[in-house]
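# Overview (structure and organization)
Each chain, written out:
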Amino acid sequence: MRQASEAEHAGRGYAHIDETLAVQWLHAAGSHTLIHGHTHQPGEYAMGEKDEELRRIVLSDWHLTASVHRLDVLRLDANGWRRVVPG
């Protein structure tokens, strides 16, 4: 399955989110953070207008056999969200 997926993405790249729609969802939900599964671009990204402080957190895929393990997990504690790599 992984080989088929890699072959498919080699020709067209990876999907991206529709940021305009994501910002609308955040406004409708009264939230400032969108957390979603991997789009092969793990990290944290600012969204919306600069004064809105909207962000999205993208989790990595889980790939145990990669040269660098990808196992992102988010944990919420008193200091906010933090990315944890188990192991």
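Let me sum up the structure you'll find in this document. (Residues numbered from 1 in each chain as written. Predicted model: local features only at pLDDT ≥ 70, side-chain atom pairs only at ≥ 80, totals over all residues. Heavy atoms only, no water.)

This part is about the side chain of serine 60. As for its position among the elements, serine 60 is in the loop between β3 (54-58) and β4 (73-77). For serine 60, a relative accessible area of 6% puts it in the buried group. In this view, serine 60 contacts His38, Pro42, Arg70, Leu71 and Asp72; residues no more than four positions away in its chain are not counted. (Helix = DSSP H or I, 4+ residues; strand = E, 2+ residues; numbered from the N terminus. Buried < 20%, exposed > 50% of the residue type's maximum accessible area, 1.4 Å probe, protein only. Contact = heavy atoms within 4.5 Å.)

This paragraph deals with helix α2 (residues 19-29). Among the residues of α2, those classed as buried are Ala22, Val23 and Leu26. Buried positions in α2, seen along its axis, are confined to an arc of 100° and lie on one side of it. Residues Thr20, Trp25 and Ala28 are exposed on α2 and point more than 90 degrees away from its buried face. With a side-chain oxygen positioned 3.2 Å from the backbone nitrogen of threonine 20, the residue opening α2 is aspartate 18. (Arc of directions from axis to C-beta. Polar contact = N/O pair within 3.5 Å; in protein donor to acceptor, adjacent residues only side chain to side chain.)

Before going further, it helps to examine the sheet that holds β3. With mixed pairing, the 3 strands of this open sheet are ordered in space as β1-β3-β2. Single-partner strands in this sheet number two, and they are β1 (33-36) and β2 (43-47). Along the sheet, successive strands turn relative to each other by an average axial angle of 20°, direction set aside. Sheet topology places β2 next to β3; 5 bridges connect them, and they run antiparallel. Its bridge partner lying in β3, alanine 46 is registered against arginine 55. (Pairing = 2+ DSSP bridges. Axes fitted to C-alpha atoms, helices over the stretch in contact; angles between N-to-C directions.)

Here β4 pairs with strand β5 (residues 80-84) via 5 bridges, running antiparallel. Across the sheet, leucine 74 pairs through a bridge with arginine 83, a residue of β5. Hairpin connection between β4 and β5: a loop of 2 residues separates the two successive antiparallel strands.

Right, let's get into a nonpolar patch on the surface. Where nonpolar side chains cluster on the molecular surface, the patch consists of Ile35, Leu76 and Trp81 and spans about 290 Å² of accessible area. Relative to the helices and strands, tryptophan 81 is located in strand β5. Judged by its relative accessible area of 36%, tryptophan 81 is partly exposed. (Patch = residues over 30% accessible without salt bridge, like charges linked within 9 Å, V, L, I, M, F, W, Y side chains within 5 Å. Areas by Shrake-Rupley, 256 points an atom, 1.4 Å probe, with all protein chains shown as cover. Salt bridge = Lys/Arg side-chain N within 4 Å of Asp/Glu carboxyl O.)

A few words now on the pattern of salt bridges. Enumeration over the complete set of coordinates arrives at 2 salt bridges. The salt bridge involving arginine 55 is made with glutamate 44; its shortest N-O contact spans 2.7 Å. Of this pair, arginine 55 sits in strand β3 while glutamate 44 sits in strand β2, placing them 11 residues apart in sequence.

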